[in-house]
Amino acid sequence: MLVKQSLTQPQLYLTLFSLFALLAPLLAGIGLYGLIAYSVAQRTREFGIRFALGAQVGDLLRLVLGQGARLTAIGLVSGLLATAVARLMQTLLFRTTAYDPMVFGGVIFVLALIALLAALTPALRATKADPVAALRAE
């Protein structure tokens, strides 16, 4: 009974941190998707004009995915700067240190992958811009 009580609080922390660890990338992906989708919706006419002037599908994909990559890079750098508080969490970590390079590398890879997937749908939507409708609207 005494052992069970002594393990209850660490198990609660582990459960909560696991839940937050799963929720954070999901929210980041949804937020990035929403931001880029809004930007693409606002610039649909611009993309149509770019197509009319000779831009290729790859050009627009690079443009929109580059926007997502810049936002992701800003977020990742901000997150790395926030690691200054990692020492405060040292007591809550199990089987790893607060500054484990493998964990940081894995997190960066997973977040970059989520950001790429979040930016891909609006980028593909941007390639469907109609140049005729864009020229008529101007």
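Scope of this entry: the structure provided in the associated data block. (Residues numbered from 1 in each chain as written. Predicted model: local features only at pLDDT ≥ 70, side-chain atom pairs only at ≥ 80, totals over all residues. Heavy atoms only, no water.)

Attention now goes to the overall build of the protein chain. A count of helical and extended segments in the protein chain gives 5 helices and 0 strands. Each helix and strand of the protein chain, ordered N terminal to C terminal, gives the series α-α-α-α-α. Relative to its full complement of 138 residues, the protein chain shows a buried share of 22%. For the protein chain, restricting intrachain contacts to residue pairs at least 6 apart in sequence, the fraction spanning at least 24 positions comes to 75%. By element, 72% of the accessible surface of the protein chain is carried by carbon and sulfur atoms, the whole surface being about 9,800 Å². (Helix = DSSP H or I, 4+ residues; strand = E, 2+ residues; numbered from the N terminus. Buried < 20%, exposed > 50% of the residue type's maximum accessible area, 1.4 Å probe, protein only. Contact = heavy atoms within 4.5 Å. Areas by Shrake-Rupley, 256 points an atom, 1.4 Å probe, with all protein chains shown as cover.)

A general trend in soluble globular proteins is that nonpolar side chains are found buried together. If you look at the biggest cluster of nonpolar residues, it comprises 13 residues, and the most contacted ones within it are L32, I36, V40, F47, V64 and A126. Broken down by secondary-structure element, the contributors of at least two residues to this core are α1 (2-42), α2 (44-52), α3 (57-81) and α4 (101-126). When near neighbours in sequence (up to four residues on either side) are disregarded, F47 contacts V40, L60, L63, V64, A126 and A129. (Core = buried A, V, L, I, M, F, W, Y, C linked by side-chain atoms within 4.5 Å.)

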